[in-house]
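# Residue-level structural notes
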Amino acid sequence: MRLILSRKGFDSSAGGMPSLIMPDGRMISLPIPTDADYQNLGMLNIEGVYIGSILEDLSDRRIKAETTVHIDPDLCATYMTRKEGWRSSFGQVSAAQSHLRNQKVACGDLFLFFGWFRRIANTEKGWRFAEGSADLHVLFGWLQIGEILQIGEDTEEVVRNRPWLSDHPHILAAENFKHSGNTIYVASEKLSIGGKETAFPGGGCFPRFEDILQLTQANVSSRSSWKLPRFFFPPDKKAALSYHTNPTRWGEICDDYVSLQSVYRGQEFVYDCGEEPAAIEWLNRLFNTSLCK
């Protein structure tokens, strides 16, 4: 199995602020703003949360419910009205898609999506980022690949066979992805770990922040300073997490963890963990801790 740590959502250049950890621990990944899509933030149906007013407060009205965004990866079934047969899906193009292809990413491999998050609080002056809260890289969702679709300029056949994909931005705005290797990854029906099918769906969002989802080390100034499970440390530097083959990025090993200074740019970081027992143990703990409460 290959694990793909996939950076998505608002960042310092796209959106200009973190995604949200709500006071009750719920995480809301904010899809990046774009003028090239037909969906907007107000379309997200997040139970008990009107995201428009929150974002207006946090961004000084720069980001609003009407802000058009690229809702991808599309992971949470409840975020919008869905057609029958809907599954989590994720589109990729251009250099990032070429990297996934060159890394031989295939069915059965697992995307773990992460982004920039920070806690927020509802104050007398409206919604604000919580005083003293840290900027963190946090895992917020997953997708195990069940199907890989090469999307050409003619999307009719894809939609005819999978009508529920018609709302995906790589279909809805396919004209923006011509000649870019437009590809959609569709989740498997059920998540499998170590060859064993679990009760969890093949794709989805982690509902609430948990310590195990945090990539950023505690008490550091940079959210790009990570603490990863030890199995990520490459015994062979050529087999390292992609974009992280420079040995100086890897720090000390402490107990079952290794420190890493992650790169500041890049979307898809691929690591072939095979059937490494430690990786399977960690994945089981990750999903059971995050989804069984």
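Quick note: structure is the one above.
Residues numbered from 1 in each chain as written. Predicted model: local features only at pLDDT ≥ 70, side-chain atom pairs only at ≥ 80, totals over all residues. Heavy atoms only, no water.

## A short note on the packing of aromatic side chains
For any pair of aromatic rings, the description consists of the separation of the ring centres together with the inter-plane angle of the planes. For the structure on display, the rule yields 19 aromatic pairs. Aromatic side chains Phe111 and Tyr185 sit 5.3 Å apart centroid to centroid with 70° between the ring planes, which places their arrangement in the edge-to-face category. Residue Phe111 is located in strand β7 (residues 110–123), and its partner Tyr185 is located in strand β10 (residues 183–187); the two are separated by 74 residues in the primary sequence. A relative accessible area of 0% means that Phe111 is categorised as buried. Here Tyr185 falls in the buried class, since its relative accessible area comes to 2%. Note on Phe232 and Trp282: the rings are 6.3 Å apart at their centroids and 80° apart in plane angle, and the pair reads as edge-to-face. Of this pair, Phe232 sits in the loop between β14 (225–229) and β15 (250–254) while Trp282 sits in helix α5 (residues 277–291); the two residues are 50 residues apart in sequence, bridging distant segments of the chain. Comparing Phe232 with Trp282 shows no difference in burial state: the two are buried. Members of the aromatic cluster, each reached through a chain of ring pairs, are Phe90, Phe111, Phe113, Phe117, Phe140 and Tyr185. Between Arg223 and the ring centre of Trp116, over which it is positioned, the NZ or CZ distance is 3.9 Å. (Phe/Tyr/Trp six-rings, centres within 6.5 Å; stacked < 30°, edge-to-face > 60°. Helix = DSSP H or I, 4+ residues; strand = E, 2+ residues; numbered from the N terminus. Buried < 20%, exposed > 50% of the residue type's maximum accessible area, 1.4 Å probe, protein only. Lys NZ or Arg CZ within 6 Å of the ring centre and 35° of its normal.)

## Some details on unusual backbone geometry
Of the consecutive residues Asp72 and Pro73, the connecting peptide bond is found in the cis state with omega at 5°. On the secondary structure map, Pro73 appears in the loop between β5 (68–69) and β6 (89–92). If you check the backbone angles, Asp60 has positive phi at about 55° while not being a glycine. With respect to the helices, strands and loops of the structure, Asp60 is situated in the loop between α1 (51–59) and β5.

## Details of the sheet that holds β14
On the basis of which strands lie adjacent, the open sheet formed by three strands has the order β14-β16-β15 and antiparallel pairing. Whereas interior strands pair on both sides, the edge strands pair on one side only; in this sheet they are β14 and β15. Recorded for the sheet is a direction-independent mean angle of 25° between the axes of neighbouring strands. As paired elements, β15 and strand β16 (residues 257–261) share three bridges and run antiparallel to each other. Residue pairing for β16: Ile253 is matched across the bridge by Val258. (Pairing = 2+ DSSP bridges. Axes fitted to C-alpha atoms, helices over the stretch in contact; angles between N-to-C directions.)

## Section: the state of the cysteines
Tallied over the full model, the rule gives one disulfide. Each sulfur of the disulfide joining Cys76 and Cys205 lies 1.7 Å from the other. Judged by the torsion about the S-S bond (-125°), the Cys76/Cys205 disulfide is left-handed. Of this pair, Cys76 sits in the loop between β5 and β6 while Cys205 sits in strand β13 (residues 203–205), and the two are 129 residues apart along the sequence. A residue is classified by how much of its surface remains accessible, and Cys76, at 10% relative accessible area, is buried. (Disulfide = S-S within 2.5 Å.)

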